Amino acid sequence: MLTRKQHELLMFINERIKESGVSPSFDEMKEALDLRSKSGIHRLITALEERGFLRRLPHRARALEIVKLPESASPSFGRNSNGFSPAVIEGSLGKERTAPQNTRPVAANEDSMPVPVMGRIAAGTPIEALQQESHQVSVPLDMLARGEHYALEVKGDSMIDAGILDGDTVIIERCDTATNGDIVVALVDDQEATLKRLRRKGNSVALEAANPAYETRIFGPDRVKVQGRLVGLMRRY
C-alpha cells in the first residue's frame, strides 16, 4: 500500500508522460508535491522502487521504468490490449551539458544523495573560480553534514599530507565561516579558488598547504572569502 505522497508522485509522473512524452524534472516533482528538497523525491522514488512500482534503469541518469500502477489508478494508464506496457522516462540531466566521460550516472537511494560537482579546485597554485555544475555524484548520507553541499575535483598535490590527492573528489558543506584549522574552499580576490587549511592570525588570514613544498600564503581579511568547509572525500582506485 502506498502513502499519499508516493501515490501522488507516481500519478504525476504518469500524467506528465501521457501528456507530453517527457518526464518531469526533479524540481518539477518537488514543486508538484510541495516538498522542500529533492532528497524527499529521492526517498519517494526509492520507496516506489522497493514496492515494485518503479525500476531504475542502469547507466542512464535519472531514468525510470514504470513497472505497475496502483489498483486504484485508471486502467487506461500505460496499458494496452496485451496488458501493461512500461513507459521509460528520462529527466533533463545530461542533455543540457555533457558530463565528463569518466563519470557514472547517479543512482541515489535511501542511503545516499546526489551532490552537484562544481568543477575543479586547486590543491596547489590557485586556478580559476568555481565553475557551474558539470555533473553529480552519489554521496553516502553519513558523509554529509547539515545544510547544502557540493563536490569538487581536486587538482594538485599541496594537501597530500592531509590525505587529499590529485584526482580526488572532495565533498564541501556550503558555508561562509570556518573554525581555525578547518580545510576550506577559499576564494581569493573573488577570482581564484583553492583548497587549503584556514588559519587566522590577528588581522590576517593564512591559507596553509599540507605539503612542505608549498609556502603558506598570507592575505588581508578582505581578500579571502570562505566558500565551504571540507566534510568528506571520495576516491577511485
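Above this text sits the structure in question.
Residues numbered from 1 in each chain as written. Predicted model: local features only at pLDDT ≥ 70, side-chain atom pairs only at ≥ 80, totals over all residues. Heavy atoms only, no water.

Draft legend 1. Structural detail: the overall build of the protein chain. Helices and strands together make up the secondary structure of the protein chain, namely three helices and 15 strands. Scored against the burial criterion, the 237 residues of the protein chain give a buried share of 41%. Taking the intrachain contacts of the protein chain between residues at least 6 apart in sequence as the baseline, contacts between residues at least 24 apart amount to 59%. Accessible surface computed for the protein chain: about 13,400 Å², of which carbon and sulfur atoms make up 45%. (Helix = DSSP H or I, 4+ residues; strand = E, 2+ residues; numbered from the N terminus. Buried < 20%, exposed > 50% of the residue type's maximum accessible area, 1.4 Å probe, protein only. Contact = heavy atoms within 4.5 Å. Areas by Shrake-Rupley, 256 points an atom, 1.4 Å probe, with all protein chains shown as cover.)

Draft legend 2. Seen up close, the nonpolar core. Ranked by size, the top nonpolar core spans 17 residues in total, and within it Leu 9, Leu 10, Met 29, Ile 41, Ile 45, Leu 48 and Leu 54 carry the most contacts. Within the residue set of this core, elements represented by two or more residues are helix 1 (4–20), helix 2 (26–32) and helix 3 (38–50). Per-element tally for this core: the top contributor is helix 1, with five residues. Ignoring any residue separated from it by four or fewer positions in sequence, one finds Ile 41 in contact with Leu 9, Phe 26, Met 29, Lys 30 and Leu 35. (Core = buried A, V, L, I, M, F, W, Y, C linked by side-chain atoms within 4.5 Å.)

Draft legend 3. Expanded view of unusual backbone geometry. In this model, Asp 34 sits at a positive phi of 60 degrees, which is unusual for a non-glycine residue. Along the chain, Asp 34 falls in the loop between helix 2 and helix 3. For Asp 189, which is not a glycine, the phi torsion comes out positive at approximately 55 degrees. Here Asp 189 lies in the loop between strand 11 (183–188) and strand 12 (192–201).

Draft legend 4. Main features of the pattern of salt bridges. For the structure on display, the rule yields eight salt bridges. Arg 235 is the salt-bridge partner of Asp 168, the closest N and O atoms lying 2.7 Å from each other. On the criterion of sequence distance, the pair formed by Asp 168 in the loop between strand 9 (149–155) and strand 10 (169–173) and Arg 235 in the segment after strand 15 (224–234) is long-range, its members being 67 residues apart. Measuring nitrogen to oxygen at the nearest pair gives 3.0 Å for the salt bridge that ties Asp 190 to Lys 225. Here Asp 190, found in the loop between strand 11 and strand 12, pairs with Lys 225, found in strand 15; they are 35 residues apart in sequence, far enough to count as distant. Classification of Lys 225 as partly exposed rests on a relative accessible area of 42%. (Salt bridge = Lys/Arg side-chain N within 4 Å of Asp/Glu carboxyl O.)

Draft legend 5. The arrangement of the side chain of Lys 196 in detail. Assignment of secondary structure puts Lys 196 in strand 12. For the buried Lys 196, no salt bridge is present, and the opposite-charge side chain at shortest range is Asp 157, 8.4 Å distant. At 3.0 Å, the side chain of Lys 196 forms a polar contact with the side chain of Thr 194. (Lys, Arg positive; Asp, Glu negative; His and termini not counted. Polar contact = N/O pair within 3.5 Å; in protein donor to acceptor, adjacent residues only side chain to side chain.)

Draft legend 6. Fine view of the side chain of Glu 173. Of note, Glu 173 is situated in strand 10. A residue is classified by how much of its surface remains accessible, and Glu 173, at 14% relative accessible area, is buried. Here the side chain of Glu 173 touches Arg 229 through a polar contact of 2.5 Å, side chain to side chain. The residues contacting Glu 173, other than those within four sequence positions of it, are Ala 145, Arg 146, Glu 148, His 149, Gly 228, Arg 229 and Val 231.

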